[in-house]
Structure formats: structure tokens, C-alpha cells
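A look at the structure
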Amino acid sequence: MRKSGLKPVVVSVAAIALFTAVATLLPLPGREAAAQSAGVYINAVDLDIVPSETAKFLEAVKENGEFAVKEPGCREFNITVLASNPNHVFLYEVYDNEAALTAHRNGEHFKKFQAATVNMVSGRNVRAMTLIAFNSKSH
């Protein structure tokens, strides 16, 4: 019986298929960040609140956050205060894309929040952020 020359070809095709599968599944430098950041828009906001207005502002921003996460395209709306300064509020907002954030800002509820709190905010720094990785676990 004569040996077939197909075995090396079959092994080569299998090796190429395996390499392709591994290359697709394993993160390469730079690939993971790009894949995870696609379709996500992060808005980070630092706010300094007039001390006498902090309680009223926190009530208003919590309501704004509750409405925001019900809007299409809003994934998260996190509200925190600086441990060493309760008058410094940090908002971490995650949207599907910039258009979802724009829709939030153009919504009636946000406009109402903004009008109600305009004199409560003494400083504001708004930054668009690029996602590198989301790391979380279920509780």
C-alpha cells in the first residue's frame, strides 16, 4: 500500500484552523482594549457643590441618575462623593455611544435637573473617557 501525501496537508489545515481560533480568542497587546472600547462612551464629571446646597444637590442628582439609567443607551450612572470632601461629587456615566449621552442631555428630565442645580454648582470639569477594560464581578 502506498502512503498518501494527504496527511501533511490535513495536519497543516488543522494547524492553521487552530492558530486562527487561538489568535481570535486570546487578547494580543492592544487588541483587548480596542475590542472592549468599541461602542462605549464614558462621561466623567467632577462637580464642586456649594456647601449649603449639597443635600439638595445630592437629592436632585440621584433622581437624575435614576431617570438616566432608564433611557435608551445609558448603561451606568454612578454618583460618588470624595471621601475627604463631601462637597465634591464625581459622576461616572457609561453610554452605548456619544449620541446616547447627547440624547440624555437634550432630554426634558436633564434640562429640569440642570436648571434646578445651576446655582448649586461652583465648579465643573467634564471629560470624555476611553475605556481600556471593564473589570467587575457579580455580587
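So, a few notes on the structure that sits alongside this text.

Procedures and definitions
- Residues numbered from 1 in each chain as written.
- Predicted model: local features only at pLDDT ≥ 70, side-chain atom pairs only at ≥ 80, totals over all residues.
- Heavy atoms only, no water.
- Buried < 20%, exposed > 50% of the residue type's maximum accessible area, 1.4 Å probe, protein only.
- Helix = DSSP H or I, 4+ residues; strand = E, 2+ residues; numbered from the N terminus.
- Arc of directions from axis to C-beta.
- Contact = heavy atoms within 4.5 Å.
- Salt bridge = Lys/Arg side-chain N within 4 Å of Asp/Glu carboxyl O.
- 1 Å grid on protein atoms, 1.4 Å probe; cavity = no way out; pocket = protein on both sides within 12 Å on 5 of 7 lines; lining within 4 Å.
- Points joined across faces, edges and corners; volume = space filled by probe spheres on them.
- Nonpolar A, V, L, I, M, F, W, Y, C, P; charged D, E, K, R; others polar.
- Polar contact = N/O pair within 3.5 Å; in protein donor to acceptor, adjacent residues only side chain to side chain.

**Brief notes about helix H5 (residues 108–117)**
Where H5 is concerned, the buried positions are His109, Phe110, Phe113 and Thr117. Taken end-on, H5 shows its buried residues confined to a sector of 95°, consistent with a single buried face. In H5, the exposed residues that point more than 90 degrees away from the buried face are Glu108, Lys112 and Ala115. Looking at the buried positions of H5, the neighbouring elements they touch are helix H3 (54–68), helix H4 (98–106) and strand E4 (121–129).

**Concerning the side chain of Thr54**
Within the secondary structure, Thr54 is located in helix H3. When near neighbours in sequence (up to four residues on either side) are disregarded, Thr54 contacts Ile49, Pro86 and Asn87.

**Comments concerning the pattern of salt bridges**
Inspection of the entire model under this criterion finds 3 salt bridges. We note a salt bridge from Glu53 to Lys56, for which the minimum N-O separation is 3.2 Å. In this structure, Asp96 engages Arg75 in a salt bridge whose closest nitrogen and oxygen atoms are separated by 2.6 Å. Placement of the pair is Asp96 in the loop between strand E3 (85–95) and H4 and Arg75 in strand E2 (residues 74–82), with a sequence separation of 21 residues. Looking at Asp96, the relative accessible area reads 29%, which means it is partly exposed.

**A short note on the layout of surface pockets**
Each pocket or cavity is described by its volume, and for the largest pocket that value is around 180 Å³. Lining the largest pocket are 15 residues; nearest its centre among them are Val45, Glu93, Arg105, Phe110 and Arg124. When residues of the lining of the largest pocket are traced back to their parent elements, those giving at least two are strand E1 (41–49), E3, H4, H5 and E4. Split by residue class, the lining of the largest pocket holds 8 nonpolar, 4 polar and 3 charged.

**Some words on H4**
Regarding H4, the residues found buried are Ala100, Leu101 and His104. Looking down the long axis of H4, one finds its buried residues gathered within 100° of arc, a one-sided arrangement. Next to the buried residues of H4 lie E1, H3, E2, E3 and H5. The opening residue of H4 is Asn97, an N-cap whose side-chain oxygen sits 3.2 Å from the backbone nitrogen of Ala99.

Interpretation in functional terms is not warranted from these geometric data alone.
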